[in-house]
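The chain contents come next:
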Amino acid sequence: MRVALLADIHGNREALTACLADAVRTGVDRYIFLGDLVGYGPDPAWVVEQVARMVDDGALAILGNHDIAAISDHDTMNPLARAAIKWTRERLESSHRAFLVSLPLDLNEDDRLYVHSSASAPQDWIYILTPRQAFQSFRATAQRLTFCGHTHIPALFNESASSLPHQHVPVDGKPVPLLTQRRWIAVLGAVGQPRDHNPAACYGLLDTDTNRFTYVRVPYDVDVTARKVLAAGLPKALAVRLATGA
Amino acid sequence: MAKAQLTAGMTIDGFRLEERIHRGGMATIWRVSRDDIDFPIVMKMPFLDFEGDLSLLVGFEVEQMIMAELKGPHVPRFVANGDFTVQPYIVMEYLSGPTLLRQMLDRRLEINEAVHIAIAMAAAIGDLHQQHVLHLDLKPANVLFRPTGEAALIDFGLSRHEELPDLLEEQFHRPVGTTEYMAPEQLLRVRSDRRSDLFAFGAIFYQMVTDELPFGATGRMKQVRRRIWRDPVPPRALRPEISPALQEIILRCLEPIPDQRYAGADELSFDLRHLDLVQMTGRAARLERADRKTTFRRWLNWRRTMREIRESATKPPARAPIVLVAVDLRSGLDKVQQALLDAAASALANIPGARLACLNVMQTSLIAIDENVDAAGENIHVQRIARLRRWAEPLQLPRGKITYHLLESHSIAGGIVDFARSNAVDHLIVGAPAVGGPPVSRLTAQITAEAPCSVTVVRPTKDY
């Protein structure tokens, strides 16, 4: 079975459309959304509606910190995020809010855990950037595979018997065998706001038959999204960063 | 995990154990069979001794992961991996041919045999690198030959796939490898430099032609450091029949600083197959190791050299791009030759660091045996190379940047394309006569259709 995992869409319609088209072309059986559907980007309502439709068709979705912020009075984010969330709140209708409020913090399926940031204290939104943080996440779950996002920087950690988890920078497009005798944390790149200096949208493709996981990059029309960001009156930095992937 | 006694006749996952053929320190190898597999296969199983060294188990994980990714004649064909949590095993093609170690122990190799073997090894290493795998434990025991002549590499327990997680990275407190053939950067646990494999190749080649190890039988990891300041006895001093070109190749592979070795297996293969065109440096003529004063000075500076090695090893090595110009040396083609010259100069200016390879193909007859000597008794090949050099002279390129090649082929286009392919040429420049000229354009079309790289077709400028 082929599973597509999409994290950190952040209201980016063009990036999501491109990734979904790529997934359809590849032949995906199941879709998992790993949180942060909204925030930063110019099309939060459209994204929520799209994902809600797919969830009705059997996809799974979980909650991210920007999703919670958009439906509450939560206000401890950085200035850019705060500005974007304020704008986002005004664009969400009650149906969108109802969908977001229904999402769980994490989900388990077979030997996989889906969570936005880390298995360890999911509501604390810990960034898994180093082996030590990966270690904490491994301790907090018995599942062999953990899929998350939140950092917007692709990273693959594996747990071995002898020392701290090993950190690997994934190579785009290269299927990695998720060796069954080890446990893995696949930190996805962002669909809608990459931060690994590659502006192409990123999603993950898991093949449960071959047990291989691939970080897929899908270039999309960044200019269209950037122009929408500016037209919406959102901070200019949010438009510029889409082109550089920073 | 049950530690059952393995006996012939048992089956594991459908593979029938036939005969134990090897029991090493780390693994046992059985000849096995399965009805649906029509080539000879073996099953390798690690010793699961948990009181022992964990590194052995990780090595097996690495070998399982990497063998499943490798293809082609230079590695055993992969069949299946056994689930590590049940009974780890790797089933692969059985290569029975003697290892290079066995061959070297049986008798002393002739120089030309050693070169032949070296060419096969370099091709195998190059293929492995193209598949993004670094072996990192090359030694005579890990090189086998197929009946068809290709070298096959085995034992990937210490290897690294450039695009997959490195399970051995920072895993252990000491470097891993076979000390006799180890490159200095491997002491620093650098596992990302392809040139480490070329160093090991150099040590093996040295051993093949001299029957001696270039750095002795070191044994202890601490002594591996010595190769940073103590160079090996020049091979020619041990066996005078070794040509300067061969010594140049061997010693270049054994340079402590990776940047001073060959940049890649392609370049090494190039030199091995064109010994008469190897660029000689001081290495070629040496008949003694560096004197005590020099060695002492190098020893004083060894830590600085280690830093240089680390820097050199961890920055991504760039392979010098190769521009190939196929030159037709027949008379009456001055305008085309001039246009080729201009195109070559332009390509070199636009591709930083590029080298120029000048090629002339002599068409051989399919039936008659061609002469090596012309009517006046002059060697045809020498003459042609001289004319190629004359053609290239206006470019004023330094020696390291230009090479000259002659080929004989009954198909000129085929010869050019094959040369481009086996030398990993990045850009090919060929000439075509002016429109309306002789029907050599079919040749150009064939080249353009089959070349493995970009092709520039050059026409002489029109006379107005």
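Here, every reference points to the structure presented above.
Here the focus is the packing of helix α1 (residues 13–26) of chain A against helix α2 (residues 44–56) of chain A. Residues and elements named next belong to chain A. Following both chains from N to C, one finds α1 and α2 inclined at 30°, their axes separated by 10 Å at the closest point. Between α1 and α2, the crossing angle belongs to the class labelled roughly parallel. Crossing geometry of α1 relative to α2 is assigned as left-handed. Each of R13, L16, T17 and L20 in α1 lies in contact with α2, whose residues at this interface are W46, V47, Q50 and M54. A breakdown of the residues in the contact of α1 with α2 according to their chemical character gives five nonpolar, two polar and one charged.

Here we come to unusual backbone geometry. For H152 of chain A, which is not glycine, the phi torsion reads 70° and is therefore positive. Structurally, H152 of chain A can be placed in the loop between β6 (145–148) and β7 (155–159). Although it is not a glycine, D13 of chain B sits at a positive phi angle of roughly 50°. By the secondary structure assignment, D13 of chain B is in the loop between β1 (11–12) and β2 (15–23).

Contacts between the two partners involve 19 residues from chain A, matched on the other side by 18 residues from chain B. A combined buried area of about 1400 Å² lies between chain A and chain B, and 55% of that area is made up of carbon and sulfur atoms. When residues of chain A are sorted by the area they lose upon contact with chain B, H166, K174 and Q181 of chain A head the list and together hold 34% of the total. Taken together, chain A and chain B are joined by three salt bridges. At the boundary of chain A and chain B, one finds six residue pairs in polar contact (both at pLDDT 80 or more). Mapped by element, the contributors of at least two residues to the side of chain A that touches chain B are β7, β8 (166–168) and β9 (176–177) of chain A. No other element matches β8 of chain A, which puts three residues into the side of chain A that touches chain B. The class makeup of the residues in the side of chain A that touches chain B is seven nonpolar, nine polar and three charged.

As a further point, take the sheet that holds strand β11 (residues 322–326) of chain B. Residue and element names in this part refer to chain B. Spatial strand order, β13-β12-β11-β14-β15: five strands in an open sheet with parallel pairing. Both outer strands of the open sheet, β13 (402–409) and β15 (454–458), are each paired with one neighbouring strand and no more. Across this sheet, the average inter-strand angle for adjacent strands is 25°, counted without regard to direction. Pairing of strand β12 (residues 355–363) with β13, which is carried by eight bridges, proceeds in the parallel orientation.

Moving on: the sheet that holds strand β1 (residues 2–6) of chain A. Residues and elements named next belong to chain A. Taken together, six strands build an open sheet; the order of strands is β3-β2-β1-β11-β12-β9 and the sheet is mixed. Edge positions in the sheet fall to β3 (60–61) and β9, since each of these pairs with one other strand and no more. Pairing geometry for strand β2 (residues 30–33) and β3, over two bridges, is parallel. Bridge pairing links F33 to A61 in β3. The strands touched by α1 are β1, β2, β11 (201–207) and β12 (212–218); relative to β11, the strand with the most contacts, the crossing angle is about 25°.

The rules behind the values
Sequence positions are assigned chain by chain, starting from 1 and proceeding in written order. Throughout, the order in which chains and ligands are written sets their labels, letters from A for the former and numbers from 1 for the latter. Thresholds applied to this predicted model are a pLDDT of at least 70 for local features of residues and 80 or more for the giving and counting of side-chain atom pairs; totals over whole chains, interfaces and linings are not thresholded and use all residues. Side-chain measures were taken over the full set of non-hydrogen atoms in the model, leaving aside hydrogen atoms and water. Between the N-to-C directions of two axes lies an angle of 0 to 180 degrees, each axis being a line fitted to C-alpha atoms and, for a helix, fitted only over the stretch in contact. Helix and strand labels come from DSSP, where a helix needs a run of H or I of at least four residues and a strand needs a run of E of at least two; each type is numbered from the N terminus. The scheme is simple: roughly parallel for angles under 35 degrees, roughly antiparallel for over 145, roughly perpendicular for 65 to 115, oblique for anything else. Take the far helix as the reference: if the near one is turned anticlockwise from it by less than a right angle, the crossing is left-handed, and if turned clockwise, right-handed. For this analysis, residues touch if any pair of their heavy atoms sits within 4.5 Å. Amino acids are sorted into nonpolar (Ala, Val, Leu, Ile, Met, Phe, Trp, Tyr, Cys and Pro), charged (Asp, Glu, Lys and Arg) and polar (every other residue, Gly among them). Note on terms: buried area is the combined drop in 1.4 Å-probe accessible area of two parts once they are placed together, counting the loss on both. Within this document, salt bridges are pairs made up of a side-chain nitrogen of Lys or Arg and a carboxyl oxygen of Asp or Glu, the two lying within 4 Å of each other. Pairs of N or O atoms within 3.5 Å make up the polar contacts considered here, provided that, within protein, one atom can donate a hydrogen while the other can accept it, and that residues adjacent in sequence are counted only when both atoms are side-chain atoms. Two strands are said to pair when DSSP picks up at least two bridges between them.

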